[in-house]
Each structure stands twice: as structure tokens, then as C-alpha cells.
Amino acid sequence: MATFVWTCFDGGGNVPPSIGIARELELRGHDVVFVGRPEMAPRVAAAGFRAHVLTSSYLHEERYGWHPRGRLFSYLTSPAVGDEILDLCRRLRPDALVVDAMFGAALDVAPAAGVPVCVMLHTFLHRTVDGWDTLMAEQGTARSRSGLGELPGLRTLWGRADALHVNALEEFDTAPTECWPTAGHGGPILEQDARARPLVPRRDTTPLVLVSFSTAAAQSSPGKLQRTLDGLAHLPVRVVATVGSLEPAALRTPANAEVTAFADHGALMSDARLVISHGGHGTAMRALSHGLPLLCLTGRAADQEGVAALDQPRVAAFLEERGAGVSLGADAEPGAIRDATSMLLDDARFHDGAALLAERLRTHDGAVEGADRVVALVGAPRG
């Protein structure tokens, strides 16, 4: 049995695929310990895994007080967080270290852990690498300006790991513009969020539209949700909107809609005709696996943490390229949302495009492929 320490960022699209791979590792007899900030622990524990909370997560928060995302960046970049991760590795003596692709402090210290390192990316690589360049440069600037030293750039942070695993189909990514020697693609991981609950099924032939703009507070825009509900209010559809951390009572819910915090997306998509999303990779791939086209309202939300939408416009562009969706801006008005929804429901070409992509997704099991990748590192000679 091998032990894997998994240092993670608890974004809406980061935890479920991480849990999916961890579940596959557990089935093979391995042990996985998740490590992260306090907000991570309940989500991981609810999925049945051990969660170690980094007590230094916000130790240097005051140093980052000048930054609009200071609390988040103090966690992602503080060297105190990196030191605590190394201390934990010395105590647990893992066989390998898995690091979330956007966790700068963990990426920085990973080589010093003395075990194989796998960087885990939960979206496209080549379609999104420019956005990752920008984010990691922002992390470096934040750490330096806060007086806590330098942070290497993206190519160092990702490139010196033993493996860079991409939980996205290679054929859905664009052709590479540069060489990433340790990169390897698997497939998307359609693990359900542990907070999801089944809704009471309804015997109704009215077309179902699922609305989900991420479960993360950083992507939960009340204005976008309200405009979407208003746009769908007078269409002959049944709407289920999952709103994550937002309070459902804060929204004006039309008669044809149901609003809930979390729900079983897989079950809903089995009955749905369309998904309206923020363009997150996980939601898009789950919808496509059911042969459903998407309407993507992409862009930066009016959020609490201001996390940049690194991959969402690229996911939306991919859907448009393959004839499986349409993209609007995050500030789209109800009328535009209504018209795009009607077109997607009525035009069979979008459903045909989604069905073709679903066939390709059925040939991959992302959790198995991700587990294969990290297990292969155990006992392998270091590069």
C-alpha cells in the first residue's frame, strides 16, 4: 500500500475530480491524505477521506492586506504554508506528493519533499496555459510585494515535477504550441460533489433546463443567476438551478423554476435537454457525457475572492468549435439568454454535436487514468 499526500485548492472544479482519483486509489488499497485550508476539510471529510488543515493557511493574511484577494493569495503563496506542507511530509513519509496546479506555495516546495511529485490540472492544458501564466505571475507578484520572497514562474513550478497530469481529453485540447515533457492527458472525472443531494423526481414531460454557475462562492454571481431565471421565466421549460453557497431565498424564482443549493447533477442531466453553465470544465464534460448541449455565460463573476476565469472562455470556445454549445457574456441580459436557450432547444444540430463528443468521452475513465498516473510514480526513479 502506498500513501499519497494531496495538497489541494478547494475550488468548485478542483475537489470533485481530486476525490474521484482518490477514490480509485483507495479501491486499489492505497491511502490518500488531503491537505489544505480550513474551507477544504468539510468537503473532503464528507467524501470519506482524511483532511489535514494547514494551520498556517492565513498566518500572513495581514501581509497581503493591500491585495483585493489577499486572504486567498496568502493561502496560495505564503512560504509558511509551504513549510508546513514539508513538515507534514516528514511526519507522514508519503510515497508521492500530488499538488493542485494552482497552489503556488505547494508547487514551490514540492521538490524538497524528497518523493515523486505529480501536478494535477483539472482542465485543458494547451487551451488555457496563457491564463495559467498570468495567474502564477500574479501569485509571484503578491508574494514578493508582501515581503515574503520570490515565487518561480509557471514553467519552473510545473516543469520540475515528475508528472503533469491533465484531466482532459487530449483530442479536445488544442495542438500544443510548446513542449511539456512530463505532461500526459487522461479524461475528465465526473465525481459528484459530496454536498449534492437527489431531488424528488417529477413526472413531467416539459423539457428540463439545468442551470449551474459553479458551487464555489468565487463564481456565484446573484445577478447572473437572476438574469438567467428571468430569461427562462416565460419559456415552456422546467428549470432547476443549483446555486451553491448563495441563499436560494435571495432570488426571485419564477413559477417554472426550482432553486436549490446542491443537487445530483448526474441524475438531473439524465432527464435534461440543456445545461446553462459558467463554462467550467467539469460541468461541461458532465453535460457532454449525457449528450447535452450547453449555453455558457462566461467571464469573471461579481465574486468574493475575484478568482480569474482561467478556463471558462476556452471551454466555451471548444463547445462552439464542436457545434455543442453557444457562449454569451456573463452580463448577458434576460432576452439574450431566452433567445439562445430557445435556439439550442430547437436546433437538433447542437444535440447532434454533443452526442458525438459523448461518444469520445465514453472511451475514457478519468479517475482510473489519473490513478494509473500517480501510482506509476511510486518506486520509479527520480528524474
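Residues numbered from 1 in each chain as written. Predicted model: local features only at pLDDT ≥ 70, side-chain atom pairs only at ≥ 80, totals over all residues. Heavy atoms only, no water.

J.: What is the right way to read the overall build of the chain from this model?
T.: The helix and strand tally for the chain stands at 14 helices and 13 strands. The C-alpha atoms of the chain give a radius of gyration of 20 Å, which matches the 21 Å a tight globule of 383 residues would have. For the chain, the residues scored as buried account for 59% of the 383 residues in total. Sequence-distant contacts in the chain: of pairs separated by 6 or more residues, those separated by 24 or more amount to 67%. (Helix = DSSP H or I, 4+ residues; strand = E, 2+ residues; numbered from the N terminus. Rg over C-alpha atoms; globule rule 2.2 N^0.38 Å. Buried < 20%, exposed > 50% of the residue type's maximum accessible area, 1.4 Å probe, protein only. Contact = heavy atoms within 4.5 Å.)

J.: Is there a simple way to think about the confidence of the model for the chain in this case?
T.: Detailed reading of the predicted coordinates is not advisable wherever pLDDT is low. Of all residues in the chain, 91% attain a pLDDT of 70 or more, and the chain-wide mean is 91. With pLDDT under 50 throughout, residues 300-308 is counted as low confidence; its partners more than four residues away or in other chains account for 24 contacts. (pLDDT = per-residue confidence, 0-100.)

J.: Would you explain the sheet that holds strand β8 (residues 208-212) in this entry?
T.: Sheet strands pair by backbone hydrogen bonding; their relative direction is either parallel or antiparallel. Read from one edge to the other, the open sheet built from six strands follows the order β10-β9-β8-β11-β12-β13, with strand pairing classed as parallel. Each having just a single partner strand, β10 (257-260) and β13 (325-329) make up the two edges of the open sheet. Along the sheet, successive strands turn relative to each other by an average axial angle of 15°, direction set aside. Taken together, the four bridges between strand β9 (residues 238-242) and β10 define a ladder with parallel strand orientation. Within the sheet, the bridge partner assigned to Val239 lies in β10 and is Ala257. Its contacts with the sheet place helix α10 (residues 281-289) against β11 (272-277) and β12 (294-298), and it is angled at close to 170° to β12. (Pairing = 2+ DSSP bridges. Axes fitted to C-alpha atoms, helices over the stretch in contact; angles between N-to-C directions.)

J.: Help me understand the pattern of salt bridges, please; the structure alone is not making it clear to me.
T.: For side chains of opposite charge, pairing can occur when their charged atoms come near one another. Scanning all chains against the criterion turns up 18 salt bridges. If you follow the salt bridges from partner to partner, you end up with Asp10, Arg37 and Glu39 in one network. (Salt bridge = Lys/Arg side-chain N within 4 Å of Asp/Glu carboxyl O.)

J.: Got a minute to help me understand the environment of Pro293 in this structure?
T.: Along the chain, Pro293 turns up in the loop between α10 and β12. With 252 residues separating them in the primary sequence, Pro293 and Ala41 have C-alpha atoms 34 Å apart. Every residue in contact with Pro293, bar those within four places of it in the chain, is listed here: Arg273, Leu274, Val275, Ala324, Phe350, His351 and Ala354.

J.: Would you mind going over the state of the cysteines with me for this structure?
T.: Note on terminology: a disulfide is the covalent bond linking the sulfur atoms of two cysteines. A complete count under the given rule lists zero disulfides for this structure. With no disulfide of its own, Cys179 lies 17 Å from the sulfur of Cys118, the closest cysteine sulfur. (Disulfide = S-S within 2.5 Å.)

J.: Any chance you could explain the nonpolar core here in plain terms?
T.: Nonpolar side chains tend toward joint burial in soluble globular proteins. Residues Leu97, Phe103, Trp158, Leu288 and Leu319 are the most contacted members of the largest nonpolar core, which totals 73 residues. Apart from the residues within four sequence positions on either side, Trp158 is in contact with Ala101, Leu107, Val119, Leu121, Leu125, Trp132, Leu164, Trp180 and Thr182. Counting 27 residues, the second-largest nonpolar core is a separate cluster that includes Leu229, Ala257, Leu295 and Ala332. (Core = buried A, V, L, I, M, F, W, Y, C linked by side-chain atoms within 4.5 Å.)

J.: Just checking my understanding: could you explain unusual backbone geometry for this structure?
T.: Not every positive phi belongs to a glycine, and Arg93 is a case in point at roughly 50°. Tracing the backbone shows Arg93 in the loop between α4 (79-92) and β4 (96-100).

J.: I tried to follow the packing of aromatic side chains on my own but got confused; where do I start?
T.: Two descriptors summarise a pair of aromatic rings, namely the distance from one centre to the other and the angle between the planes of the rings. All told, the structure shown has seven aromatic pairs when counted by the stated rule. Aromatic pair Tyr75 and Phe103: ring centres 4.8 Å apart, planes at 35°, arrangement tilted. Of this pair, Tyr75 sits in helix α3 (residues 70-77) while Phe103 sits in the loop between β4 and α5 (104-109), placing them 28 residues apart in sequence. Pairwise contacts between aromatic rings join Trp6, Phe34 and Phe49 into one cluster. Over the ring of Tyr58 we find Arg71, and its NZ or CZ is 3.6 Å from the ring centre. (Phe/Tyr/Trp six-rings, centres within 6.5 Å; stacked < 30°, edge-to-face > 60°. Lys NZ or Arg CZ within 6 Å of the ring centre and 35° of its normal.)

J.: How should I be thinking about the environment of Cys296 in this particular structure?
T.: Within the secondary structure, Cys296 is located in strand β12. The exposure class assigned to Cys296 is buried, which follows from its relative accessible area of 1%.

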